[in-house]
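Descriptive analysis of the structure
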Number of protein chains: 2
Amino acid sequence: MYIKDESRNPTWSHKDRLNRVTVSAALAAGAPGVVVASSGNHGASAAAYAARAGLPAVVIASAESPPAVQTFVRSYGATVLTVAAEQRWPLLRDIVDNLGYHPVSNQTVTHTGHPYGPEGYKTVAYEVFLQLGRVPAAVFAPSGYAELLFGVWKGFVELRRLGLAGSVPAVFACEPAAGGPTTRAVATGAPAAIVETGESAAYSILCEVGGRRGVLAVEGSGGAGVLVDDVALSRAQRELAGAGLWYEISGVAGYAGYRALGREFDGPVVCIATSSGFKDLGVGQTPVTVSDNPTWRDVQAEVERR
Amino acid sequence: MYIKDESRNPTWSHKDRLNRVTVSAALAAGAPGVVVASSGNHGASAAAYAARAGLPAVVIASAESPPAVQTFVRSYGATVLTVAAEQRWPLLRDIVDNLGYHPVSNQTVTHTGHPYGPEGYKTVAYEVFLQLGRVPAAVFAPSGYAELLFGVWKGFVELRRLGLAGSVPAVFACEPAAGGPTTRAVATGAPAAIVETGESAAYSILCEVGGRRGVLAVEGSGGAGVLVDDVALSRAQRELAGAGLWYEISGVAGYAGYRALGREFDGPVVCIATSSGFKDLGVGQTPVTVSDNPTWRDVQAEVERR
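About the thresholds
Residues numbered from 1 in each chain as written. Chains lettered and ligands numbered in written order. Predicted model: local features only at pLDDT ≥ 70, side-chain atom pairs only at ≥ 80, totals over all residues. Heavy atoms only, no water. Helix = DSSP H or I, 4+ residues; strand = E, 2+ residues; numbered from the N terminus. Rg over C-alpha atoms; globule rule 2.2 N^0.38 Å. Buried < 20%, exposed > 50% of the residue type's maximum accessible area, 1.4 Å probe, protein only. Contact = heavy atoms within 4.5 Å. Areas by Shrake-Rupley, 256 points an atom, 1.4 Å probe, with all protein chains shown as cover. Least-squares fit on C-alpha atoms with pLDDT ≥ 70 in both. UniProt positions renumbered as here; feature names shortened; annotations may be inferred. Buried area = accessible area lost by both parts, 1.4 Å probe. Salt bridge = Lys/Arg side-chain N within 4 Å of Asp/Glu carboxyl O. Polar contact = N/O pair within 3.5 Å; in protein donor to acceptor, adjacent residues only side chain to side chain. Nonpolar A, V, L, I, M, F, W, Y, C, P; charged D, E, K, R; others polar.

Let us now look at the overall build of chain A. Secondary structure summary: chain A contains eleven helices and nine strands in total. Since a compact globule built from 306 residues should have a radius of gyration of about 19 Å, the 20 Å found for chain A is in line with a globular shape. C-alpha extents for chain A along the principal axes are approximately 65 × 45 × 35 Å. The buried share of chain A, reckoned over its 306 residues, is 60%. Long-range contacts, defined as pairs at least 24 residues apart, comprise 71% of the intrachain contacts of chain A with a sequence gap of at least 6. When the accessible area of chain A is evaluated, it comes to approximately 11,900 Å², of which 50% is carbon and sulfur surface.

Moving on to the relation of the copies chain B and chain A. Comparison of the two chain copies shows a relationship of rotation about an axis with a shift along it. Between chain B and chain A, the superposition needs a rotation of 180° and an axial shift of 0.0 Å, giving an RMSD of 0.0 Å. When the rotation and shift are considered jointly, the pair of chain copies conforms to a two-fold rotation axis. Minimal C-alpha separation from the rotation axis in chain B is found for Arg8(B), amounting to 2.3 Å. Of the interface residues in chain B, 100% have counterparts in chain A that sit at the interface too, so the contact is made through matching surfaces.

What follows concerns the UniProt feature "domain: Tryptophan synthase beta chain-like PALP" (unreviewed entry) in chain A. With numbering matched to this structure, UniProt assigns "domain: Tryptophan synthase beta chain-like PALP" (unreviewed entry) to residues 2-274 of chain A. Structurally, residues 2-274 of chain A is divided into 43% helix and 15% strand, and its ends, taken at the C-alpha atoms, are 13 Å apart.

This part covers the environment of Glu86(A). All names here are of chain A. With respect to the helices, strands and loops of the structure, Glu 86 is situated in the loop between strand 4 (79-82) and helix 4 (88-99). Using a relative accessible area of 62% as the deciding quantity, one classes Glu 86 as exposed. When the C-alpha atoms of Glu 86 and Gly 211 are compared, they prove to be 20 Å apart, with 125 residues separating the residues in sequence.

Quick look at the interface of chain B and chain A now. The parts lose accessible area when they come together, and the size of an interface is often stated as this lost area. Contacts between the two partners involve 61 residues from chain B, matched on the other side by 61 residues from chain A. A buried area of about 5,100 Å², summed over both sides, lies between chain B and chain A, and 64% of it is on carbon and sulfur atoms. Broken down residue by residue, the surface that chain B buries against chain A is led by Trp12(B), Phe278(B) and Trp296(B), which jointly contribute 14%. Taken together, the links from chain B to chain A amount to zero salt bridges. Counting across the interface, chain B meets chain A through seven residue pairs in polar contact (both at pLDDT 80 or more). The biggest single contributor to the side of chain B that touches chain A is helix 3 (residues 67-75) of chain B, with seven residues. Among the residues forming the side of chain B that touches chain A, the class breakdown is 30 nonpolar, 23 polar and eight charged.

You will see that Ala146(A), though not glycine, has its phi angle at about 70°, which is positive. On the basis of relative accessible area, Ala146(A) is assigned to the buried category, the value being 3%.

Below you can see the structure in the form of structure tokens.
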């Protein structure tokens, strides 16, 4: 089992692969700016690539996003508007219609996303293929709209079409149990699904809306949807931190899904970890414990207690 | 001018290059654990590599470190002790003496550091040489103890010794104006210096104590110490964020030093940016501004105001 560490991109999440192409598309279209509805990684990444391209960016966020992430999104000089959740999409559409800004968020009832987005995510497949020297047997990815999963699958499909690879991995959409539109669509045979969502710490991938792309990837590859609850996600997060890899809780859903499925594969398995731990809700909120004059014996006792 | 982006290491700072070798040294020595006095990147990185190596780690932190960074350091399962500043070094020495833990912090009056530390930093030189296809004319690095600077210089010196490169870049120790032990030592002809420190937002590199290594690198390469104040650091941070690169304020000292020096070089210049913006003191502390029902015209006005 391998972890594909997407926290090592320029803004420390997989979203950089998406926004590299969406902001290029905005430039190619001659758009005067970029607009995105996102409270986290996607907004920060879009703002960073827009800044680099010299385009103004408007990020429509919600007030519930983590404090550390809010600083992050603002850092790139974008105009950040924190509005009520139900205002986000109408405002985005107004900005697209009236200002001609290029949208890098979805605007349709089920998720169709940006036309070029999966082209960016394909590079994950290319890198994995080069790094392993072969096609893995399976890929597990944290899935909200399942855009990443689709892009990776598309990358492997095209490697095969080009005659560079002989197979395509089974791909698994790993979703919070409190949601899971791709799992629902696959289970019911629907082209895509909309679900009600409950509570989950995995805010980055807790989506009511799925899309056709993720369903195609799962069904086309012989994969599956895998639901993971917060207990399984927390355990996966601790396990990976114990190996020196700290991800936000949504970011470990691929690995949690691999553990939950418990299936044996005939070849290497790749779990995509999407984003650094700095994006979690609780970051910076834990009070400091100041130890009053500890001795080395106190330290020894503390270490042995673990 | 090129930025060498060290925020893309496994724990998102240059310290991973150091701790990769220090924790290997602890393993090679058969040490039962690792101890480090650090409130930031160094502590988190040491904790991560110790976790990966299966060694317990004790991180002795101070209560003043940024909230987001405290969560970060704790995430890898280390024992984190937050003690008064004056207790840090005696406690570290006790743990080394009584528990046999391997120290990855300095324990001497001027900074001598870990013997293997610069061997890890040498890889920056090797990567820059491969990535540029040549030796740069100059390297600017954020400098506290100047260990990174020395390691990079040593890497280039060894490339020349191996006959792979024909020259060594001039290296510049870029220090907060509120401190600056390497600049002081070079200016006074001393082997190393200890200075009084004032206030600076660049807490990660605000050191009272310098070391011989940094002085050797600056003098041996025809470089210099460069002092940068918080205004110059903030400007550098904003400029780089405007190019899509968000670093903690200490992390941009190399670029700020390059701008402050204003010298022309006959060849490429590399400014090392050490660490992601998530490590700044103010991260997560800015209050959210919730916009009440904004229209696209409000957004347009806001964008044009910038």
